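An overview of the molecular structure
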Amino acid sequence: MSVLSELRHPIVAAPMAGGPSTPALVSAVSAVGGLGFLAAGMIDTARLVADIAEVRARTERPFGVNVFLPGDGTVDEEAIRAYARRLAPQADRLGVRLGEPVGGDDAYPEKLAALLADPVPVVSFAFGLPDRAVVTALRGRGTEVWATVTGPAGATAAADLGVDAVVVQGTEAGGHRGGIPDDDDYALLPLLRLAAARCDRPLVAAGGIADGPALAAALAAGAQAAQLGTMFLRCPEAGSSPLHRQAVASAAPTALTRAFTGKRARGVVNDFLRAHDAAAPAGYPQVLHLTRPLLAAARRDGDASVANLWAGQAHRLARDVPAAELVVEVSADARVALAAAAQRATRWG
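Residues numbered from 1 in each chain as written. Predicted model: local features only at pLDDT ≥ 70, side-chain atom pairs only at ≥ 80, totals over all residues. Heavy atoms only, no water.

Attention now moves to the packing of helix H5 (residues 108–117) against helix H6 (residues 132–140). At their nearest, the axes of H5 and H6 sit 9 Å apart, and the two run at 30° to each other. On the basis of the axis angle, H5 is roughly parallel to H6. Judged by residue contacts, Tyr108, Leu112 and Leu116 of H5 engage Val134, Ala137 and Leu138 from H6. For the contact of H5 with H6, the per-class residue count stands at 6 nonpolar, no polar and no charged. (Axes fitted to C-alpha atoms, helices over the stretch in contact; angles between N-to-C directions. Helix = DSSP H or I, 4+ residues; strand = E, 2+ residues; numbered from the N terminus. Parallel < 35°, antiparallel > 145°, perpendicular 65-115°, else oblique. Contact = heavy atoms within 4.5 Å. Nonpolar A, V, L, I, M, F, W, Y, C, P; charged D, E, K, R; others polar.)

Shown next, in the form of structure tokens:
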């Protein structure tokens, strides 16, 4: 029996790297019958192992771990140097030095080895598709493998790999685009229908799902569950900074940009995004390493004009409520919405 089929509520807590996806948030969602996800991206392997142990200490329910796949290292180095020159005056004003725009694999081999040595119920991948051998190895250890896609071709390729589920991420989603390339701009509902037409794997919908009616729409469009991220950012269990919480609670618009990390990601529009979006080169993790000291200083100083504030398009609907309460309420509201839609449909015949 799959993990998805065992959920009491068809809600997955999206893995949010950089702090929000704490063991407390993950375990709260899983314990109530959803599926919590740890974010393995941008932390070291020892921290990942410790986070897994903490989730297990908090709940016996299934949970997942999301892993960033490394890129091929191909970047326009001159474009990144030019971007560094552009950002240098802003770093000076904040009293920091820009970081070195180095590459790296986010300790992918070490994290994969840890997940094979001590298996978790689900491992999902972002920033591409894993090798077939990796899928086989993880499934051989009893771990379900999920892949994140942002276009129909990715859904087909993921199904051909034999993954257990496909996370279909629409352009409405907050944070980084999870597919490769990162410039697919399919809205969630069209992408769900396109993926369902060419992929025989269970689908998990992600992108702008903020309440029960939105969850109901995703389920009606073919998803078996929905992945919510932004909606958990204001929960007390989340590791979101006060600055981030305030931005999510605001009515500010969002946009996709490479300005902060070199990979397209959706966040609240601020002065930094407006000033540098057009000039930002593709290049992850090089641009992330370059801007990291600058962004850390902005968070330290509470400077919302500079900090990256990831959020989906429906962020204003996020509420400051416990994660378990949010899961139960959104699930119940989805049932009501589906029943109301069914009642309306009886008028057609």
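From this point, things continue past the structure.
Moving on: the sheet that holds strand E8 (residues 203–206). Overall, parallel pairing links the 8 strands, which are arranged E1-E9-E8-E6-E5-E4-E3-E2 in an open sheet. Here the strands that pair on one side only, and so sit at the sheet edges, are strand E1 (11–13) and strand E2 (36–39). Taking the axes of each pair of neighbouring strands and ignoring which way they run, one obtains an average angle of 25° across the sheet. As defined by bridge partners, E2 adjoins strand E3 (residues 63–68) across 4 bridges and the pair is classed as parallel. The residue bridging glycine 36 from the neighbouring strand is phenylalanine 63, located in E3. Against the sheet, helix H8 (residues 188–198) makes contact with strand E5 (144–149), strand E6 (165–169) and E8, and its axis sits at roughly 165° relative to E8, the strand it touches most. (Pairing = 2+ DSSP bridges.)

This brings us to the packing of aromatic side chains. What the rule picks out here adds up to 5 aromatic pairs. With 5.4 Å between their ring centres and 70° between their planes, phenylalanine 127 and tyrosine 284 make a pair best called edge-to-face. Of the two residues, phenylalanine 127 is situated in the loop between strand E4 (122–126) and H6 and tyrosine 284 in the loop between helix H11 (271–276) and helix H12 (286–301); the sequence distance between them amounts to 157 residues. The ring of phenylalanine 127 has lysine 263 sitting right over it, with the charged end atom 4.5 Å from the ring centre. (Phe/Tyr/Trp six-rings, centres within 6.5 Å; stacked < 30°, edge-to-face > 60°. Lys NZ or Arg CZ within 6 Å of the ring centre and 35° of its normal.)

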